[in-house]
Amino acid sequence: MRTLLVTGGAGFIGSHLIRHLLDHHPDYRVVNVDALTYAGNLMNLQDVQDDPRYTFEKADIADAPAIDAIFSRHQPEVVLHLAAESHVDRSILDPGAFVRTNVVGTVTLLRVAQKHWADKLSDKVFYHVSTDEVYGSLGAEGRFREDTPYDPHSPYSASKAASDHFVRAWHDTYGLPVLISNCSNNYGPYQFPEKLLPLVILNLREGKPLPVYGTGENVRDWLWVGDHCRAIDTILHGGRIGQTYNIGGDNEWRNIDLVRRVCQLFDELTGRPAGTGERSITFVTDRPGHDQRYAIDATKLQTELGWRPQTPFDAGLRETINWYLTNEAWVAAVRSGEYLRYYEEQYGSRLS
Ligand code: NAD
Ligand code: TYD
């Protein structure tokens, strides 16, 4: 058996990744280390919680003694590091939390891994999951390549950029075997409703305004979360140690077009008259420092390792909308307490 330690496994991408690993690798044990912040939710993993190959450890990645004890207990050979504060708007309200988890937490993990793996580094991997936002903002032309200079603008992207640099420093200075991937915007079930797509779907369900920042002309490159997990698996098993791989959906959308498309699919799936959803679109004050456009060039991953996105966008959007409409207990649990306070502060209106 090979033991993989996944950080942030109770979050959106982490929970999909754990399910993917257990499904595709019968000889893997997975230890999920998660602090269960507002974004962490063990309901995301209900279907695997009784699997004997799965263990949950509640811990903060910035807590060195706790992480050290977890390494001693489970002796992982692989770390898949996803734990992070992940929402740009929250990073504008509370940047300190992003420095603590994304920078200090990542360095803490690197130090503990280096200490525990020092005797034999050759069969270990520290895989850092990062974002395309570290590259900054594009104009109308061009796409991010692995050698695009870093140019982060938000406290979130700055903290992720810093963590990427520390991971590379541990490889170059201490010989830690690392892999890094930088991915575009993910979508799918279990995404916390502060993010654009679930926020729009849930507000559509309730007839609430759909807040589009600025003029809605910012562009994002959307990827089905399962395609991201398959890319991580592919890079973990075939990627060259020390290398970075960009992952993207080759699927650019202006926010306003995306929100309109979700409205159309929502009306169709719920049998409402066409055009009902779009009437709720409301343009609101722009996000400060809002990056204009992200687009990924994933040629390296495609040519070296043969990965390609597989899920057609409309099919993925339909599945996502249906999931949020049929998982009411999950929605009710996450849209409570802290989230209601955040929503009011961010949008100036109450959710309930
Ligand atoms: P998420 O916010 O849904 O989940 C983050 C998880 O990390 C939660 O379970 C939370 O409890 C946990 N966590 C936070 N702080 C912690 C701490 N100090 N110690 C232990 N656990 C902690 O995030 P996500 O969207 O699943 O993103 C996962 C990773 O992928 C992040 O590193 C993010 O930067 C990266 N990423 C996300 C996207 C995207 O579109 N969501 C795209 C590219 C890269
Ligand atoms: P988000 O899901 O927060 O991801 P990111 O900022 O990491 O790309 O936002 C996606 C895009 O949607 C981004 O350009 C900001 C915009 N947006 C809105 O227009 N309204 C909203 O309420 C939110 C949350 C985002």
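Residues numbered from 1 in each chain as written. Chains lettered and ligands numbered in written order. Predicted model: local features only at pLDDT ≥ 70, side-chain atom pairs only at ≥ 80, totals over all residues. Heavy atoms only, no water.

The environment of ligand 2 is formed by 18 residues, the closest being Glu133, Arg220, Arg287, His290 and Tyr347. The separation between an oxygen atom of ligand 2 and a polar main-chain atom of Tyr213 is 2.8 Å. One nitrogen or oxygen atom from the side chain of Arg220 is found 2.8 Å from an oxygen atom belonging to ligand 2. Alone, ligand 2 offers 510 Å² of accessible surface; in the complex the protein occludes 97% of this. Considering each element in turn, the shell around ligand 2 owes the most residues, three residues, to strand β8 (residues 210-213). (Near = heavy atom within 4 Å. Polar contact = N/O pair within 3.5 Å; in protein donor to acceptor, adjacent residues only side chain to side chain. Areas by Shrake-Rupley, 256 points an atom, 1.4 Å probe, with all protein chains shown as cover. Helix = DSSP H or I, 4+ residues; strand = E, 2+ residues; numbered from the N terminus.)

Of note, Gln75 is a non-glycine position whose phi angle comes to about 45°, a positive value. You can see Gln75 is positioned in the loop between α2 (64-74) and β4 (78-81). Of note in this structure, Tyr190 is not a glycine but carries a positive phi near 70°. By the element assignment, Tyr190 lies in the loop between β7 (185-187) and α6 (196-206).

In total, this model carries 26 salt bridges according to the counting rule given. For Arg100, the salt bridge is made with Asp60, and the minimal N-O distance between the two is 2.9 Å. Here the residue Arg100 occupies a position in helix α4 (residues 95-117), and Asp60 occupies one in the loop between β3 (54-58) and α2, the gap between them amounting to 40 residues. Under the relative-accessibility criterion, Asp60 is labelled partly exposed at 24%. We note a salt bridge from Lys120 to Asp123, for which the minimum N-O separation is 3.6 Å. (Salt bridge = Lys/Arg side-chain N within 4 Å of Asp/Glu carboxyl O. Buried < 20%, exposed > 50% of the residue type's maximum accessible area, 1.4 Å probe, protein only.)

Attention now goes to the sheet that holds β3. Spatially, β3-β2-β1-β4-β5-β6-β10 is the arrangement adopted by the seven strands of the open sheet, whose pairing is parallel. Since the sheet does not close on itself, it has two edges, and those belong to β3 and β10 (244-247), each with one partner. Across the sheet, the axes of successive neighbouring strands diverge by a mean angle of 20°, strand direction being ignored. Direction of pairing for strand β1 (residues 2-7) relative to β4: parallel, over a ladder of four bridges. In the strand pairing of β4, Leu4 is matched with Val78. Across the sheet, helix α5 (residues 155-174) touches β5 (125-131), β6 (178-183) and β10, and the angle it forms with β5 is around 155°. Helix-sheet contacts for helix α7 (residues 225-238) involve β1, β2 (28-34), β4, β5, β6 and β10, and the interaxial angle to β5 is about 145°. (Pairing = 2+ DSSP bridges. Axes fitted to C-alpha atoms, helices over the stretch in contact; angles between N-to-C directions. Contact = heavy atoms within 4.5 Å.)

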